[in-house]
Amino acid sequence: MDDVGYVEWLVARKPSAIMNFLRVLSILLAVCFFILGMMNPIFLLLALAMVAAAYFVSLNAQIEYEYLYCERELSVDKIMNKSKRKNAGKFEVERMEILAPMGSYHLDEFKNKTYKELDFSSGTENKPEKRYVLYYDGKDKVVLEPNEEIIKAIKSIAPRKVFTD
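Residue numbers run consecutively from 1 along every chain, following the written order of its sequence. Local features are withheld for residues below a pLDDT of 70 in this predicted model, meaning they are given only at 70 or higher, and side-chain atom pairs are given and counted only at 80 or more; totals for whole chains, interfaces and linings count all residues. In computing side-chain values, all of the structure's heavy atoms are included and hydrogens and water are not.

Caption draft 1: Examining the nonpolar core more closely. Ranked by internal contacts, the top residues of the largest apolar core, which has 26 residues, are Y67, M96, F120 and I154. Elements supplying a minimum of two residues to this core: strand 1 (6–12), strand 2 (63–70), strand 3 (73–80), strand 5 (96–101), strand 7 (132–136), strand 8 (140–144) and helix 3 (148–157). For this core, the element with the most residues is helix 3, which contributes 5 residues. Throughout this description, the term nonpolar core refers to a set of buried Ala, Val, Leu, Ile, Met, Phe, Trp, Tyr and Cys residues connected via side-chain atoms within 4.5 Å. A simple rule labels every residue: compare its accessible area, found with a 1.4 Å probe on the protein chains alone, to the largest value its type can have, and call it buried under 20%, exposed over 50%, or partly exposed in between. Core analysis: the second largest hydrophobic core is formed by 7 residues, I98, A100, F110 and Y115 among them. Secondary structure is summarised from DSSP: a helix means a run of H or I of at least four residues, a strand means a run of E of at least two, and numbering begins at the N terminus for each.

Now the structure itself:
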């Protein structure tokens with residue numbers, strides 16, 4: 001079979017309304033506490049705390065996931081605010097149970113089992129559905145939004161575990 005060596009794909013997560021609200025709220029509170037800090041120095045400490053809170057909230061407001069398929073392994077990295085990178089998970093193709101589009105009838109046998117759910121997709125429903133579900137090692141249910149190249153690469157290694165409906 002044709003073994004694809006390296007494929008990468010970047011998916012941007014839909015910004016959460018709550019995170020956007022918290023970011024604006026923390027910035028507004030920082031400004032208010034700074035203005036009040038001119039009268040009382042205690043408010044300057046609160047302003048610094050709100051600046052720190054705004055930084056951490058903005059760090060998690062813009063999230064992207066990068067999928068890297070290399071040598072029979074799918075690695076997912078979480079990129080926060082386009083500056084910090086964190087490894088979110090590694091999934092070996094040999095330990096994968098199934099990879100199928102979300103809502104596929106191939107996933108019916110896994111519905112009544114308890115899995116830890118990991119969502120590394122954009123978080124939006126598309127027409128047609130672009131998100132895939134990967135059941136991994138009897139423990140994890142991973143929601144991905146891979147491109148055709150990644151699906152083709154995984155299917156070349158494990159054709160009986162990958163479905164495209």
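Continuing now.
Caption draft 2: Summary view of the environment of A61. Along the chain, A61 turns up in the loop between helix 2 (41–59) and strand 2. The buried category is assigned to A61, whose relative accessible area is 7%. Along the primary structure A61 and E125 are separated by 64 residues, whereas in three dimensions their C-alpha atoms are 19 Å apart. Discounting chain neighbours no more than four positions away, the residues touching A61 are P15, M19, N20 and R23. Residue contacts are counted whenever heavy atoms from the two residues lie within 4.5 Å of one another.

Caption draft 3: Structural context of unusual backbone geometry. Of note, the phi angle at R72 is positive, near 65 degrees, even though the residue is not glycine. The residue R72 is located in the loop between strand 2 and strand 3 in this model. Its identity is not glycine, yet D137 carries a phi of approximately 55 degrees, on the positive side. Tracing the backbone through its elements, the reader meets D137 in the loop between strand 7 and strand 8.

Caption draft 4: Layout of the layout of surface pockets. The volume enclosed by the largest pocket comes to roughly 200 Å³. Lining the largest pocket are W9, L10, V11, P101, E129, K130, Y132, E145, P146, N147, E148 and T164. Ranked by the residues each element gives to the lining of the largest pocket, the list is headed by strand 1, at 3 residues. Residue polarity follows a fixed list, in which Ala, Val, Leu, Ile, Met, Phe, Trp, Tyr, Cys and Pro are nonpolar, Asp, Glu, Lys and Arg are charged, and the others, Gly among them, are polar. For the lining of the largest pocket, the per-class residue count stands at 6 nonpolar, 2 polar and 4 charged. Here a cavity is any set of points on a 1 Å grid over the protein atoms alone where a 1.4 Å probe fits but cannot get out, and a pocket is any open set with protein on both sides within 12 Å along at least 5 of 7 lines; a residue lines the site when it has an atom within 4 Å of a point. Grid points are joined across faces, edges and corners, and a volume is the space filled by probe spheres set on the points.

Caption draft 5: Region of the structure containing the sheet that holds strand 3. Strand pairing is defined by DSSP finding a minimum of two bridges between the two strands. Ordered by their spatial adjacency, 4 strands build an open sheet running 1-2-3-4, and the pairing between neighbours is antiparallel. Whereas interior strands pair on both sides, the edge strands pair on one side only; in this sheet they are strand 1 and strand 4 (84–92). Across the sheet, the axes of successive neighbouring strands diverge by a mean angle of 20 degrees, strand direction being ignored. Of the pairings in the sheet, the one linking strand 2 to strand 3 comprises 7 bridges and is antiparallel in character. When the sheet's bridge partners are listed, E64 is paired in strand 3 with I79. Fitting a line to C-alpha atoms yields each axis, with helices limited to the stretch in contact; the angle taken between N-to-C directions then spans 0 to 180 degrees.

Caption draft 6: Looking closely at helix 1 (residues 17–37). An ideal rise of 1.5 Å per residue puts 30 Å on 21 residues; helix 1 measures up with 30 Å between its terminal C-alpha atoms. Those residues of helix 1 that fall on the buried side of the exposure criterion are M19, S26, A30, F33 and G37. Down the axis of helix 1, the sector holding all buried residues measures 75 degrees, keeping them to one side. Facing away from the buried side of helix 1, by more than 90 degrees, are the exposed residues A17, F21, L28 and I35. Next to the buried residues of helix 1 lie helix 2. N or O atoms closer than or at 3.5 Å make up a polar contact, with two conditions inside protein: a donor-capable atom paired with an acceptor-capable one, and, for residues adjacent in sequence, both atoms drawn from side chains. One side-chain oxygen at the N-terminal end of helix 1 lies 3.3 Å from the backbone nitrogen of I18; it belongs to S16. How far a helix is expected to stretch is found by multiplying one less than its residue total by 1.5 Å. The reported arc concerns the directions from the helix axis to the C-beta atoms and nothing else.

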